[in-house]
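Below are the chains, spelled out letter by letter.
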Amino acid sequence: MATSAGANERDGVPQLNKRQIDFVKAFRHNPARVSIVASRVGGRPVGITISSLTSVSVKPPLFAISYSKGDGQSGAVRNASHVTVNLLCQGSEDLARSFASSDGAKFKSERVSSRWSINELGLPVLKEATSVIVGRKTDSIEVADAMLVIYQAEEVENHSEEAEGVTATTALLYCDGKFAS
């Protein structure tokens, strides 16, 4: 939301108007698939939990992710030339929570350290992902307070029945502030 300095702000925090609040409420009840998007930046793995993945095209295979314009791991992943999108399923809620945190050492945490590997491109892959899409960044579009990044799928691995530690292949969803499937 673009505002002039001081307009619609309280104590330096932007305030939402009624339409914006209603918009947030409407999408709060819209279930979205949970994934972890990861990359390597400066030789170290980085990753974040997302629910903004969308298919764009089959010919060529394109997908898009909407990122905040912030820095930190979101910015690092957003600016990477290649990413892995690790689609999660029921039972992976703890991974989603770990990657949703602002902790910069997510891949070293006790909860995550044994649950990932590096693919042939040097990108992080989560062992429990039901599908992994390797994407090459092709375009980015600044949209208000977000950045929409378009990727071409260079590899797709579907292994929903063989994902480690997963007992069900039901997609992990996020809706109304909670995980669901």
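Since the structure is predicted, the reported quantities are computational estimates derived from the model, not experimental observations.

Each value, and the rule that gives it
- Along every chain, residues carry numbers that run from 1 in the direction the sequence is written.
- Side-chain atom pairs in this predicted model are given and counted only at pLDDT of 80 or more, local residue features only at pLDDT of at least 70, and totals for whole chains, interfaces and linings cover all residues.
- Side-chain measures were taken over the full set of non-hydrogen atoms in the model, leaving aside hydrogen atoms and water.
- Two strands pair under a simple rule: DSSP has to find at least two bridges between them.
- In DSSP terms, a helix is any run of H or I states spanning at least four residues, a strand is any run of E spanning at least two, and both are numbered starting from the N terminus.
- To define a nonpolar core, start from buried Ala, Val, Leu, Ile, Met, Phe, Trp, Tyr and Cys residues and group those joined through side-chain atoms within 4.5 Å.
- For every residue, the accessible area obtained with a 1.4 Å probe (protein chains only) is divided by the maximum for its type, and the residue is called buried under 20%, exposed over 50%, and partly exposed between those limits.
- Here a residue-residue contact requires only that any non-hydrogen atoms of the pair lie within 4.5 Å.
- To get an axis, fit a line to the C-alpha atoms, keeping to the stretch in contact for a helix; angles then go from 0 to 180 degrees between the N-to-C directions.

A. How the structure looks around the sheet that holds strand β13 (residues 173-175). Taken in spatial order, the three strands line up as β3-β13-β14 in an open sheet, and their pairing is antiparallel. The sheet terminates laterally at β3 (32-33) and β14 (178-180), the two strands that pair on one side only. Relative to β14, β13 runs antiparallel, the two being bridged by three bridges. Along β14, the bridge assignment pairs Tyr 174 with Phe 179.

B. Up close: the nonpolar core. Among the nonpolar cores identified, the biggest contains 17 residues, and Val 37, Phe 63, Ile 65, Tyr 67, Val 85 and Tyr 151 are the most heavily contacted of them. Those elements giving two or more residues to this core turn out to be β5 (44-50), β7 (62-68), α2 (72-79), β8 (82-87) and β12 (146-158). Looking at this core, the element that brings in the most residues is β12, giving four residues. Residues in contact with Val 37, not counting those within four places in the same chain, are Val 46, Gly 47, Ile 48, Ile 50, Ile 65, Tyr 67, Val 77, Val 83, Thr 84 and Val 85. Judged by nonpolar contacts, the second largest core, of 12 residues, contains Val 34, Phe 107, Val 112 and Leu 126.

C. A look at the sheet that holds strand β11 (residues 131-143). Here seven strands make up an open sheet; going across it, the order is β5-β4-β8-β11-β12-β7-β6 and the pairing antiparallel. Looking along the sheet, the strands with just one partner apiece sit at the ends: β5 and β6 (53-57). Put simply, the sheet's adjacent strands are angled 35° from each other on average, direction ignored. With 12 bridges connecting them, β11 and β12 associate as antiparallel partners. Across the sheet, residue Ile 141 finds its bridge partner in β12, namely Leu 148. Seen against the sheet, helix α3 (residues 93-100) touches β4 (35-41) and β5 and runs at an angle of roughly 110° to β5.

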